[in-house]
Amino acid sequence: MENSNPISPELLDTIERYLKNTMNTNEREVFEEKLKDNTTLQQQVKDIETILFGVRKAIFKNKANHFHKTLINKDSEIKADKKVFNLNFKHMSIAASVVLLLGSVWFFNQKKSNSTLFDKYYIEDRGLETNMGETNNYTFDDAMVDYKHGKYDKAIEKWNLLQKNQPKNDTLNYFLGVAHLANKDADKAIKFLETTANNSESTFLNEANFYLGLSYLKLDKTDLAIETLQKSNSERSKAVIEALKE
């Protein structure tokens, strides 16, 4: 059956850049605002994501025997591992019904609880693009695919093995933190996010402070939430602070 909402090449390019985490901060926040109220766009993003990661997972399985004993040796290897795997979807029809975003779609004119504010502003980190070629980071990449499929326990288990050898690795700590938060465990998320947030040279400094602030918010530690969110320069952090002051 022909889809009534065909995706244009321009929109496909935008969605792919969003899924691959190659948008700049402002463009990403604008796109995520559009996602909140556009169920058709939500559907298209989810379907393209499913296709991309379905293919990726199949390829990983074929390489498992070659890479399963490999561990991450250098943090820089992880950060550099953002190669793009391109698929041509220009002539594909997309059909599904998926709701992507967590949070409330309506609010009353009463004071909002911290939990409600968390639900409104929390959006799961999209993760890193995994490398489809030869790599020394198979375990990390395989865990990233699990994370993106919502298999947080599996991702956490694999990243924990790597983090034991590199306890100060800001990348591993960051993704362990956001994985625990996505898994509804703000207490465990804090320990890992704090490690990254305390590293002033981390690539994930702003993101770590944002999700660390949300973790404190989830636990009703409002003062700590505001203090931490103020260390992030993202527009989402500013929006949460303003909402807390209302």
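Structure first, text after, so check above.
Our subject in this report is the structure included herewith.

Reading the values: rules and limits
- Residues numbered from 1 in each chain as written.
- Predicted model: local features only at pLDDT ≥ 70, side-chain atom pairs only at ≥ 80, totals over all residues.
- Heavy atoms only, no water.
- Helix = DSSP H or I, 4+ residues; strand = E, 2+ residues; numbered from the N terminus.
- Buried < 20%, exposed > 50% of the residue type's maximum accessible area, 1.4 Å probe, protein only.
- Contact = heavy atoms within 4.5 Å.
- Areas by Shrake-Rupley, 256 points an atom, 1.4 Å probe, with all protein chains shown as cover.
- Axes fitted to C-alpha atoms, helices over the stretch in contact; angles between N-to-C directions.
- Parallel < 35°, antiparallel > 145°, perpendicular 65-115°, else oblique.
- Left-handed = near helix turned anticlockwise from the far one by under 90°.

## Some remarks on the overall build of the chain
Item 1. Check the secondary structure of the chain and you find 12 helices and 0 strands.
Item 2. In the chain, the succession of helices and strands from N to C terminus is α-α-α-α-α-α-α-α-α-α-α-α.
Item 3. Across the 246 residues of the chain, 46% fall into the buried class.
Item 4. Partitioning the intrachain contacts of the chain with sequence separation of at least 6 by distance along the chain shows that 65% fall at a separation of at least 24.
Item 5. Counting every atom, the chain has about 13000 Å² of accessible surface; 48% of that belongs to carbon and sulfur.

## Things to note about the packing of helix α6 (residues 138-148) against helix α8 (residues 170-182)
A pair of packed helices can be characterised by two numbers: the angle between their axes and the separation between those axes.
Item 1. Relative to each other, α6 and α8 sit at 20°, their axes nearing to 12 Å. If you check the angle between α6 and α8, you find them roughly parallel. As for how α6 packs across α8, the hand of that crossing is left-handed. Residues F140, M144 and Y147 of α6 form the contact with α8, whose own contacting residues are T171, L172, F175, V178 and A179.

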